[in-house]
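Here's the letter readout for the chains.
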Amino acid sequence: MTKGSIAAKRRKTVKAKARMYRGTERSLAQLARVLREGGIVAVPTETVYGLAGDALNAAACRKIFKAKGRPANDPLIVHIWDMAQLDELAVRNDAVEKVARAFWPGPLTVVLPKRAVVPDLVTSGRASVAVRMPKHRLFLELLKRCGRPLAAPSANPFGYISPTSAAHVRDSLGSKIGHILDGGDADIGLESTILDLRDPKKPTVLRPGAISAKEISRVLGRRVGAAQKTKKTTARGERTRGKGMASGALAPGMLSKHYSPRTTITLHRRLSAAIVKTLPADEVAVFLFKRPGMSEAVNVFWLSECGDVRRAARRLFGMLRALDGGQWKRIHAELAPGADGFALAINDRLIRAAAKW
Ligand code: TXA
Ligand code: MG
């Protein structure tokens, strides 16, 4: 083989691109077969896109860890489409029945004692498993057709921003995976709320999401705690402190630094026109909401025109990705006002995105 043809072959390998599928009958049948045979497929969910594989097949799940560059100590969420599958994977209690009735299918993941059938690889050797019944029509359809519970972390390289569109998945994992099911833009745009229900008397939110602790408390009829925070925030230029991995944290994937663009992020409790005026030309400002009289400028963006925190959440990750192309030296982002619901979830992601370690 000549030098030229070796180089051409290498180029071809590097450029191997994932195939995009629409949710047609034919493609769903084909993708279900890929999954049943131990392959992996990027799938749309209502929260963020996931990278799915048969949760009961350790070899399939190993491919997920490899494609993402995910450390083995960060367990996967298993997705199901009915309660019989939950019983196959985990030990139920009254609390999970209540929250499942109220919030499934939807953006809530529960952590429960696991059954032996779940490979240790999926749970990183833990005695518990995280389970979610998603709401996206195409993902539910795929789950039904392949007949297996599907392990699926967010479909991004480990530590990077979660994808909220099929194009995001292709951009960052397209050379590592073969199949992407395009189900449109994610409706919620932030990862699910994770609720630890191992002890039904001590429900604890491990990761805030679209479903708030308050809503869960109402359904359970008891107070819902929040996992211990390991970070400190200051008014401007907030930085997350702590070790790379929260010591003793229940969700090891909840690193201080996570969801991070390459560009440095500086957080502000409130951005103002005065701050924007002082920015150098290579720094950009992202307001949460458009303010009256706010002027258009190349380095000013907002997540919602009309003060809609849900819409801001939906656009957050897409905005961070769009601004992370190397053209900006620093992103100034505004924290959401409030300490519950979408505001809490947005701030959790922003603080981790801004963290240095
Ligand atoms: O919305 C979502 O949850 C998306 C979509 C695809 O469903 N998935 C997602 O997965 O965000 P991932 O892997 O990016 O985040 C899952 C988190 C990690 O922080 C992991 O440590 C935690 O769930 N986790 C998984 N199993 C756990 C367990 N048994 N106990 C505690 N935390 C667990
Ligand atoms: Mg993730």
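Residues numbered from 1 in each chain as written. Chains lettered and ligands numbered in written order. Predicted model: local features only at pLDDT ≥ 70, side-chain atom pairs only at ≥ 80, totals over all residues. Heavy atoms only, no water.

1. What to know about the overall build of the chain
The following threshold applies: Numbering of helices and strands runs from the N terminus, with a helix taken as a DSSP run of H or I at least four residues long and a strand as a DSSP run of E at least two residues long. Exposure classes here rest on a 1.4 Å probe applied to the protein chains alone. A residue is buried below 20% of its type maximum, exposed above 50%, and partly exposed in between. Working rule for contacts: check all heavy atoms of both residues, and any pair within 4.5 Å makes them a contact. Areas reported as accessible are Shrake-Rupley estimates using a 1.4 Å probe. Residue values count occlusion only from the protein chains shown.
Along its length, the chain carries 12 helices and 15 strands. Among the 357 residues that make up the chain, the fraction classed as buried is 54%. In the chain, of all internal contacts separated by at least 6 residues, the share reaching a separation of at least 24 is 67%. Taken as a whole, the chain presents about 16,300 Å² of accessible surface, with 53% of it coming from carbon and sulfur.

2. Digging into the site of ligand 1
The condition is simple: The rule for a residue being near a molecule or strand is that one of its heavy atoms must lie within 4 Å of it. Pairing of N or O atoms within 3.5 Å defines a polar contact, subject to two protein rules: one partner must be a possible hydrogen donor and the other a possible acceptor, and residues neighboring in sequence count only if both atoms are side-chain atoms.
Within the structure, ligand 1 sits among 28 residues, and Thr47, Asp74, His79, Ser192 and Arg207 are positioned closest to it. One of the side-chain N or O atoms of His79 is found 2.7 Å from an oxygen atom in ligand 1. At 3.0 Å from a nitrogen atom of ligand 1 is found a side-chain nitrogen or oxygen belonging to Ser128. In the complex, 97% of the free accessible area of ligand 1, which totals 680 Å², lies under the protein chains. For the shell around ligand 1, the secondary structure elements donating two or more residues are strand E4 (77–79), strand E6 (128–132) and strand E10 (204–207). A per-element tally of the shell around ligand 1 places E6 first, with 4 residues.

3. Brief notes about the sheet that holds strand E14 (residues 300–304)
The line we're drawing: Pairs of strands are assigned from DSSP output, requiring at least two bridges between the strands. To define axes, lines are fitted to C-alpha atoms, for helices over the stretch in contact only, and angles between the resulting N-to-C directions are given on a 0 to 180 degree scale.
Across the sheet, which stays open at both edges, the 4 strands sit in the order E12-E15-E13-E14 with parallel pairing between neighbours. With partners counted over all chains shown, the strands left at the sheet margins are strand E12 (264–268) and E14, one partner each. For this sheet, the mean angle separating the axes of adjacent strands, direction not counted, is 25 degrees. Across 4 bridges, the pairing between strand E13 (residues 283–289) and strand E15 (residues 330–334) is parallel. Bridge pairing in E15 links Ala285 to His332. In this fold helix H11 (residues 309–322) packs onto E12, E13 and E14, with an angle of close to 135 degrees to the strand it touches most, E14. Contacts between helix H12 (residues 341–354) and the sheet are confined to E12, E13 and E15, with E12 contributing the most and set at about 135 degrees to the helix.

4. Examining the pairing of strand E9 (residues 193–196)
Residues Thr193 and Leu195 point to one face of E9 and Ile194 and Asp196 to the other, with burial holding for every one of them. Where strand E5 (residues 108–113) and E9 come together, 4 bridges link them in parallel fashion. When the bridges of E9 are listed, Thr109 appears paired with Ile194. Two elements, E9 and E10, share 3 bridges in a ladder whose sense is antiparallel. Residue pairing in the sheet places Asp196 in a bridge with Thr204 of E10.

5. Some remarks on helix H7 (residues 137–146)
Those residues of H7 not exposed but buried are Leu138, Phe139, Leu140, Leu142, Leu143 and Cys146. Packing partners of the buried residues in H7 comprise helix H2 (25–36), strand E2 (41–43), E4, strand E7 (150–151) and strand E8 (179–181). Remark: Gly147 follows H7 within two positions and exhibits a positive phi of approximately 70 degrees.

6. Quick look at the environment of Lys329
For Lys329, the position within the fold is in the loop between H11 and E15. The exposed category is assigned to Lys329, whose relative accessible area is 60%. Considered as a pair, Lys329 and Asp282 are 47 residues apart in the sequence and their alpha carbons are 5.6 Å apart.

7. Some thoughts on the environment of Ile40
If you trace the backbone, Ile40 turns up in the loop between H2 and E2. For Ile40, a relative accessible area of 11% gives the class buried. Taking the C-alpha atoms as reference points, Ile40 and Ala151, 111 residues apart in sequence, are found 9.7 Å from one another. Apart from residues lying up to four places away in sequence, Ile40 is in contact with Val34, Leu35, Leu51, Ala52, Gly53, Ala60, Lys63, Ile64, Ala67, Ile177 and His179.

8. Details of the confidence of the model for the chain
Do not read the fine detail of predicted coordinates wherever pLDDT is low. Our working definition: For every residue, the predictor reports its confidence as pLDDT, a number between 0 and 100.
Confidence in the prediction of the chain, expressed as mean pLDDT, is 89, and 87% of residues score 70 or more. The element-level mean pLDDT for the chain is lowest in helix H1 (residues 3–15), coming to 50, with E4 highest at 99. Note that residues 230–250 has pLDDT below 50 and, in this model, 53 contacts with residues that lie over four places away or in other chains.

9. Side note on the nonpolar core
Filter applied, for reference: Each nonpolar core is a collection of buried residues, namely Ala, Val, Leu, Ile, Met, Phe, Trp, Tyr and Cys, held together in the definition by side-chain atoms within 4.5 Å.
Among the nonpolar cores identified, the biggest contains 62 residues, and Val99, Ile177 and Ile216 are the most heavily contacted of them. For this core, the element with the highest residue contribution is H7, accounting for 6 residues. Ignoring anything within four residues of it in the chain, the contact list for Ile177 reads Lys17, Ala18, Ile40, Ala42, Leu51, Ala67 and Val169.

10. Examining the pattern of salt bridges
Put simply, the rule reads: One speaks of a salt bridge when a side-chain nitrogen belonging to Lys or Arg is within 4 Å of a carboxyl oxygen belonging to Asp or Glu.
Considering all chains together, one arrives at 20 salt bridges under this definition. For the salt bridge of Glu97 with Arg92, the shortest nitrogen-to-oxygen distance reads 3.3 Å. Residue Arg92 is classed as partly exposed on the basis of its relative accessible area, which comes to 31%. One connected set of salt bridges, linked through shared partners, spans Glu191, Asp348, Arg349 and Arg352.

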